[in-house]
Every structure is written in structure tokens, then in C-alpha cells.
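If you want the building blocks of each chain, they are given just below.
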Amino acid sequence: MTNIIAADIGGTNARFARASLDDHGVPTLGTVRKYKVADYASLQSCWHAFAQDEAKDSAGDLPDAASIAFATAIGRDVIKLTNSSWVIHTKTLAADLGVRTVRLVNDFEAVAHAVSRLPPENLPLLFGEDRPFPTDGGVTILGPGTGLGVAMIAYDQGHPHVIATEGGHLDFAPLDQLEEKILAYLRDKFLRVSTERIVSGPGLNYIYKAMATIGHDRVMLMEDPELWQAALEGTDPFARAALERFCLCYGSVAGDLALAHGPHGVVLAGGLTQRMRDFLPHSGFHTRFKAKGRFESLMAGVPIRMAIHDEIGLFGAAAAFREK
């Protein structure tokens, strides 16, 4: 067994846990501790809070290795998180955290590592044909959170190669007159409107406010968590309508990415997607996913699965530790 600290650093929350890897690289997570990113000036200060909490529980010394997933592109000496103020200096990070070895991965790269190791019961089919992942070809992994995470698993003779991407930052492409107007509304607020401005946790609120402005409707302004709850529970009809539009856009984006990666399979992941598990099958998601003109029949059969795991980012960060 290999013992490490796994961390999943998003734009909103930072999660930490001890993890043990078996001989096949499958992790077992210990107690998960969650912290608000906005409450800490840096990763080091948040790590210190985690270490103190572990010490209070007499959990013993921390392992001297860590695998950390970040919600941004990896590979530079200085990393700025996309949706928070934290700055990571990669060359000194191990010393800053007091560990011997540190492995850094993109957050959805970690999710893709998790998907490659999840058992079939954790990957239920939502749409398309019930067939396994390809022996050769690409599988798209995506999901909305603080932003829109996107990664790819490229299978080569059955072996998964995980590829990090920043597919959530592609330009948003409207497909009807309402989406053209939503895009125009957002162009007044942002220099450039990327896909994750629409298909993300905050994106639902942008859609909600845009639709209200376009239709001159009076609506109750809500914070993101309250709006998501009202939309999913159906207690606010306008919030529900915004969620339906959100699912249409989600399906369009998922279909575009699947075409770009090679349409062999798609896995929807993340906490928001899991919350939509009962709503998605009855929404317009799949209609938009497969609406790709001459490729509509091909897209209709693409297996679309949902990754079910309470801490998929941590699980994936730990799973990525031994990978090159």
C-alpha cells in the first residue's frame, strides 16, 4: 500500500483526505475534510488548517507525498487558479507543504482518472447504447461546477490514457433565437462568452437573469445555491424554465465535445450533475446532444453515463498519483 494525501482544490472548496493506494492504484479514502477557499489566503494556509485538524484527531504524522488536483491548467511554474485568488509556485510547493513528493493534476484530469477506475455500478447509463468503453478511441468526461470541467480518456488497446483539456473555455455557440439573445446579454457583461459562462453552477443564474431581462419578467433574485434548489425542486417555475434551458445547452456542449474527441462515449461527472440525475433524462439534454446534422444517427447511440461518487475529485487525484 502507498499512503498519500489527496487534495481537490476547486474555485469554491478545497478538500483533503489521507488515501491508500493498492497494487492496482485503486484508492481508499480516509476522512474527508472540506474548507472554503475564500477563507484562506493560500494553499499553504489551508493545508496547515488540514494538518492541525488531523493532529486534533490524533491521526498521526501526515504522509510525505501528496497528489493535488487544481481547477486550472497545469504545467507552468506559477499556477493561478481560474476561479479563485490562490497562486501556486510549483517548484517550491513540496517544500512549502512539507512533503517529499507532490503530484499535480488538472481537476477534471483527476475525474477522468477516477472514471477509468470506477466499477460499472458507479457508471450508470443515462442515454444511448449500453456498451463498454472502447478498446481504441476517446471518451469525453465533463461536468459543471464552479466552471465547466472537461477531460478525455484515450483508450489504446484497452489501456486508458488520461488527457487534460480546457474544453470548458471554448466559445459558446447559440442554437436558437433565445440563446442568441442570452449570448448578447452576456456579451454586455464579459469581453468573451465561453461555454462555462452558461454550463456551470453560476451559469444557471446568468440564464435565469438573461431570460427575465429578455422577456421583461419580474423574478426573485436568488443566490446560486437557492436558485439551484428552487429549479430542481420545481418550486419556482421561472427557475425551472432556466434549468431546462441549461440542460439544452449542456447537451449541445457535450455533443460538440464528443464529436471533437471521437464519439465513443461520454461520462457526466460532478456534484451538480449528480443532483440532476432524475431531471436530465426528462430534459432536452439528449435531443440537443444528438442534434448534429449528418451525424445524428451516430450520436444517438453514443453511451452517456453518469459518474457516481461522493468524492470523485479526491478519488481521482489519489488515483493519478502513480501515473506518469
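Look up a bit, the structure's there.
Residues numbered from 1 in each chain as written. Predicted model: local features only at pLDDT ≥ 70, side-chain atom pairs only at ≥ 80, totals over all residues. Heavy atoms only, no water.

Student: Help me out: how do you make sense of the overall build of the protein chain in this one?
Tutor: In terms of regular secondary structure, the protein chain is built from 11 helices and 14 strands. The C-alpha radius of gyration of the protein chain comes to 20 Å, within 12% of the 20 Å expected for a compact globule of 324 residues. In terms of principal-axis extent, the alpha carbons of the protein chain reach across some 60 × 45 × 35 Å. When burial is assessed residue by residue, the protein chain has 53% of its 324 residues classed as buried. A separation of at least 24 residues holds for 66% of the contacts in the protein chain among residues at least 6 apart in sequence. With an accessible surface of roughly 14,800 Å², the protein chain has 50% of that area assigned to carbon and sulfur atoms. Computing the positive centroid from 31 side-chain charges and the negative centroid from 38, the protein chain places the two 3 Å apart. (Helix = DSSP H or I, 4+ residues; strand = E, 2+ residues; numbered from the N terminus. Rg over C-alpha atoms; globule rule 2.2 N^0.38 Å. Buried < 20%, exposed > 50% of the residue type's maximum accessible area, 1.4 Å probe, protein only. Contact = heavy atoms within 4.5 Å. Areas by Shrake-Rupley, 256 points an atom, 1.4 Å probe, with all protein chains shown as cover. Lys, Arg positive; Asp, Glu negative; His and termini not counted. Charge placed at Lys NZ, Arg CZ, Asp CG, Glu CD.)

Student: Would you mind going over the side chain of His 309 with me for this structure?
Tutor: Relative to the elements of secondary structure, His 309 occurs in the loop between strand S14 (304–306) and helix H11 (312–319). A distance of 3.4 Å separates a polar side-chain atom of His 309 from the backbone nitrogen of Ile 312. Leave out the neighbours within four places in its chain, and His 309 touches Leu 29, Leu 118, Gln 274 and Phe 315. (Polar contact = N/O pair within 3.5 Å; in protein donor to acceptor, adjacent residues only side chain to side chain.)

Student: What am I meant to see in the packing of aromatic side chains here?
Tutor: In this description, a pair of aromatic rings is defined by centroid distance and the angle of the planes. Summed over all chains, the structure comprises 13 aromatic pairs. Ring geometry for Trp 47 and Phe 50: centres 6.2 Å apart, planes at 65°, overall edge-to-face. Here Trp 47 pairs with Phe 50, and both are found in helix H1 (residues 43–56), just 3 residues apart, close to one helical turn. Look at Trp 47 and you get buried, because its relative accessible area is 5%. The class of Phe 50 is buried, set by a relative accessible area of 0%. Ring geometry for Phe 190 against Tyr 206: centres 5.5 Å apart, planes inclined by 85°, an arrangement best described as edge-to-face. Here Phe 190, found in the loop between helix H4 (177–187) and helix H5 (201–215), pairs with Tyr 206, found in helix H5; they are 16 residues apart in sequence, far enough to count as distant. Aromatic ring contacts, followed pair by pair, group Phe 127, Trp 228, Phe 246, Tyr 250, Phe 285 and Phe 289 into a single cluster. (Phe/Tyr/Trp six-rings, centres within 6.5 Å; stacked < 30°, edge-to-face > 60°.)

Student: Looking at this structure, I do not really get H5. What am I missing?
Tutor: An ideal rise of 1.5 Å per residue puts 21 Å on 15 residues; H5 measures up with 22 Å between its terminal C-alpha atoms. For H5, every residue scored as buried is listed here: Gly 201, Gly 203, Leu 204, Asn 205, Ile 207, Tyr 208, Ala 210, Met 211 and Ala 212. Contact partners of the buried residues in H5: strand S10 (137–144), H4, helix H6 (224–233), helix H7 (237–261) and helix H8 (271–275). Phi for His 216, located one or two positions after H5, is positive at around 55°. (Expected span 1.5 Å × (residues − 1).)

Student: Before we go on, may I ask you to explain the side chain of His 261 in this structure?
Tutor: Structurally, the position occupied by His 261 is in helix H7. Residues within four places of His 261 in sequence aside, it is in contact with Gly 138, Thr 140, Val 150, Ala 151, Met 152 and Thr 165.

Student: Hey, could you run me through the environment of Lys 209 in this one?
Tutor: Looking at where Lys 209 falls in the secondary structure, it is placed in helix H5. Using a relative accessible area of 33% as the deciding quantity, one classes Lys 209 as partly exposed. When the C-alpha positions of Lys 209 and Val 26 are compared, they lie 43 Å apart, and in sequence the two are 183 residues distant. Each residue touching Lys 209, except ones within four places of it in the same chain, is listed here: Tyr 185 and Leu 221.

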